[in-house]
Amino acid sequence: AGFVFAIREIILNLFCGLYIGFSKPFKVEDRIEINGLKGDVIGASLWGFDVLEVSNKYENGQSTGVVVHFPNSIVVKEPIKNNTKVFKYIWNELEIKIKLSSDLKKNKREIYKIINNIEVVKRIPNKMKNAINKVNTTYRVYYNNYEPIIYTKVTDEYVLLSLRYLIHPKKARYVESVIWNKIYESFLKGNIDLY
């Protein structure tokens, strides 16, 4: 009985390896998440695959340097989130709080100026449109807007501006840091009224 159980796992891993090879739920370099562990696929075989873990401390994480090995059979046991399967980009959001007494149009104008002058962000909308056009016969994915957009919400204490923009998941934390540095510089110059 033990031998049959051991063989069952080997056969399941082999068949799941074939399944991964043919149906491609992910490939090397994709950023995936399985059972709460997020990372970049760095290797795959008929028996298993390796993922370079990224930290969940930040939404888009950075590599921890830890390599996690998964048996292929996990693909039939757990759902897999793939951040880069259909297209390479994800929507990222920054929440920026400004004072209630602020000039809303002036603040939004300054934030748009910042985000639209970041080269890596500027190039993505056209790439995303092309990617969606290539896959829209397979996946029903539609977006009306690919450009950065700011959503507004007024609270009792501040105005919440949610800046939404497209970015590659592996560059998200770096770009977020660049945006915050520019927002802070603008705040020091009196162009943005941070709360």
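Check the entry above for the structure.
Since the structure is predicted, the reported quantities are computational estimates derived from the model, not experimental observations.

Concerning the sheet that holds strand 8 (residues 158-167)
The strand order 6-8-7 describes an open sheet built from three strands, whose pairing is antiparallel. In this open sheet, the two edge strands, each paired with only one partner strand, are strand 6 (90-99) and strand 7 (149-154). If you compare each strand with its neighbour and ignore which way they point, the axes differ by 20 degrees on average. Running over the sheet, helix 2 (residues 104-115) touches strand 6, strand 7 and strand 8 and is turned about 20 degrees from strand 8.

With respect to the pairing of strand 7
Relative to strand 8, strand 7 runs antiparallel, the two sharing six bridges. Its bridge partner being in strand 8, Ile149 is matched across the sheet by Arg164. Connecting the antiparallel pair strand 7 and strand 8 is a turn made up of three residues.

Things to note about unusual backbone geometry
At Glu29, a position not held by glycine, the phi torsion is positive, near 90 degrees. Topologically, Glu29 is positioned in the loop between helix 1 (2-23) and strand 1 (31-34). Glu29 sits in the exposed class, given a relative accessible area of 58%. Positive phi outside glycine occurs at Asn35, with the angle close to 50 degrees. With respect to the secondary-structure elements, Asn35 resides in the loop between strand 1 and strand 2 (37-44).

A few points about the packing of aromatic side chains
Following the criterion strictly, the structure yields four aromatic pairs and no others. An angle of 50 degrees between the planes, with centres 4.6 Å apart, marks the rings of Phe26 and Phe49 as tilted. Placement of Phe26 in the loop between helix 1 and strand 1 and of Phe49 in strand 3 (residues 48-54) is noted, with a sequence separation of 23 residues between them. We note that Phe26, like Phe49, is buried. Aromatic pair Phe49 and Phe70: ring centres 5.3 Å apart, planes at 25 degrees, arrangement stacked. Residue Phe49 is located in strand 3, and its partner Phe70 is located in strand 4 (residues 63-71); the two are separated by 21 residues in the primary sequence.

Cut-offs and rules
- Per chain, the residues get numbers from 1 upward, laid out in the order the sequence is written.
- In keeping with the predicted nature of the model, local features appear solely for residues at pLDDT of at least 70, side-chain atom pairs appear and are counted solely at 80 or more, and the whole-chain, interface and lining totals rest on all residues.
- Excluded from the side-chain calculation are hydrogens and water; included are all heavy atoms of the structure.
- DSSP bridges decide pairing: two strands pair if at least two such bridges lie between them.
- Only runs of H or I of at least four residues qualify as helices and only runs of E of at least two qualify as strands under DSSP, and these elements are numbered from the N terminus.
- Inter-axis angles, ranging from 0 to 180 degrees, are taken between N-to-C directions of lines fitted to C-alpha atoms, where helices are fitted over the stretch in contact.
- Two residues form a contact once any of their heavy atoms are found within 4.5 Å.
- Accessibility here uses a 1.4 Å probe with only protein chains present; expressed as a share of the type maximum, an area under 20% marks a residue as buried, one over 50% as exposed, and anything in between as partly exposed.
- Each Phe, Tyr or Trp ring (for Trp, its six-membered ring) is paired with any other whose centre lies within 6.5 Å, and the angle between the two planes then decides the class: stacked below 30 degrees, edge-to-face above 60, tilted in between.

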